[in-house]
Amino acid sequence: MEGQRANYYATHFPAPLVRRMLTLNGASLDRREFALDGTRGGPNGERFFARHLSASTDASLQSLTSVRGVDIKALHIGAICDKPPSRDKDERAEWVEMRIDLDITDNDRLGVRKDDLQACDAVWPVALMAVRLITQQIYDEFGYREMAVFYSGRRGAHIWVLDRRVVDQQDPFMHAEVREAVAKHLEYKAFKHGRIDDNILRIVKTSNMTTTVMDYFRDHACLLFLDTPEDIREFMRRLGLRRLESLEAQMIQLQEPRAAYRLLESEVDRAVDSQPTLAWWGDRLLGTVLSYVYPRIDVAVSSHINHLVKSPFSAHASTGRVCVFVAGFLDGELRECPDFDPTSVPTVAQLHLPEQQEQLRENAASLGRYLDLIESQRAETAPEPVTTASRHFRFQ
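Residues numbered from 1 in each chain as written. Predicted model: local features only at pLDDT ≥ 70, side-chain atom pairs only at ≥ 80, totals over all residues. Heavy atoms only, no water.

Novice: What am I meant to see in the state of the cysteines here?
Specialist: Taken as a whole and assessed by the stated rule, the structure comprises 0 disulfides. No disulfide involves C120; its nearest neighbouring cysteine sulfur is the one of C323, lying 13 Å away. (Disulfide = S-S within 2.5 Å.)

This is how it looks when you write it as structure tokens:
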């Protein structure tokens, strides 16, 4: 795969598009830190990792991955610094877009190993639901409305918050302690019995995501989480409604996850309709469902401005899949790339095929169109005051 990676970065990596996204808010490209991950002396050789690298043009960004005797596997992106990064390592990170790392394998209920690519592909819909939840919450809770989502290449997705206010030193979102608070606000938290934390439940309800979550679980996620008798017993244990314990045997007997969950949901709905004082049962069911599908994020990635993340359109170091554009969030709406399927993502090993090249070009064009929308909207609207972020802090 060594020569194939080199060919990808030299020929197909969309450097002008990546540069455009990284300079969307007026930042100089040459002050951005880049890093390279690879091996020296062949694909099984010594580990090579270099950071404090810089590029000033599309051409220099394209050629950054060309290192003699090194098989570059992945390109990473860091912060904007006070001066161009160099081998002297004396630059200081000043700011960076907030990046959110969603990793499917961090959800222990899925039981997916990091090295099991087929299993990761099978549970991709869980990652997509995580993207929907996180982007909507960032918009509703903090007022940020421009977010680009990229496939990580194997286990999940990366969300980039692109709003121009992130470059403003007065914006509360810029401060490290506030970034950490935001990340922890979005972090998965559950009670000992396994149901989701009440504050997360409140966030999902106020974001009007309840119907989306419940429809998704009923139609798709239950196939992953209610597939065996043990799964059903665990779900009912988390639910903790003693008056419905007798349903457990009936759900198991149905031997079909969708039918089992619909039986449970119908009993909850019937009880709430006939006795309004049991309205909390609906919240209990939502909290249990969220304990399975709510995102698990890497707080450190979002909190620390000097943290590296994989570049959009980098090749994944292990799978060789390209980290393509998945969706763009703009003004309360997640605009997903149609028919995204991780199993059909272009790979460096297949980019000699014309259809894979065309697929990559079209995906890059989708990101370009999303950036066009951002720039067009910005041209028509005045910048929001930096107080917007603080106005949206509603930690409880």
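Novice: Looking at this structure, how should I read the environment of F49?
Specialist: Inspection of the secondary structure puts F49 in strand β2 (residues 46-53). For F49, a relative accessible area of 39% translates into the label partly exposed. When the C-alpha atoms of F49 and P84 are compared, they prove to be 19 Å apart, with 35 residues separating the residues in sequence. If we ignore the near neighbours within four places in the chain, the residues touching F49 are A35, L36, D37, H76 and L308. (Helix = DSSP H or I, 4+ residues; strand = E, 2+ residues; numbered from the N terminus. Buried < 20%, exposed > 50% of the residue type's maximum accessible area, 1.4 Å probe, protein only. Contact = heavy atoms within 4.5 Å.)

Novice: So what exactly am I meant to see when it comes to the packing of aromatic side chains here?
Specialist: What characterises a pair of aromatic rings is the spacing of the ring centres plus the angle enclosed by the ring planes. For the structure shown, the criterion picks out 18 aromatic pairs. Seen from their ring centres, W124 and F340 are 5.1 Å apart, and the 55° between their planes marks the pair as tilted. Of the two residues, W124 sits in helix α5 (residues 124-142) while F340 sits in the loop between β10 (333-336) and α14 (354-380), which places them 216 residues apart along the sequence. In this structure an aromatic cluster arises from ring pairing among F217, F225, F235, Y261 and Y292. Positioned over the ring face of W160 is R99, at 5.2 Å from the centre of the ring. Over the ring of Y188 we find R296, and its NZ or CZ is 3.6 Å from the ring centre. (Phe/Tyr/Trp six-rings, centres within 6.5 Å; stacked < 30°, edge-to-face > 60°. Lys NZ or Arg CZ within 6 Å of the ring centre and 35° of its normal.)

Novice: Looking at this structure, I do not really get helix α9 (residues 229-239). What am I missing?
Specialist: Burial in α9 covers these residues: D231, I232, E234, F235, M236, R238 and L239. At its buried positions, α9 is contacted by α8 (210-225), α10 (247-254), α11 (257-274) and α12 (280-293). Of the residues trailing α9, G240 is marked for its positive phi of about 65°.

Novice: Would you mind showing me how to read the environment of Y370 here?
Specialist: With respect to the helices and strands, the residue Y370 is situated in helix α14. The class of Y370 is buried, set by a relative accessible area of 3%. Between the alpha carbons of Y370 and M147 there is a distance of 9.9 Å; along the sequence they are 223 residues apart. Excluding residues that lie within four positions of it along the chain, Y370 makes contacts with E146, M147, A148, L162, F325, G328, F329 and L330.

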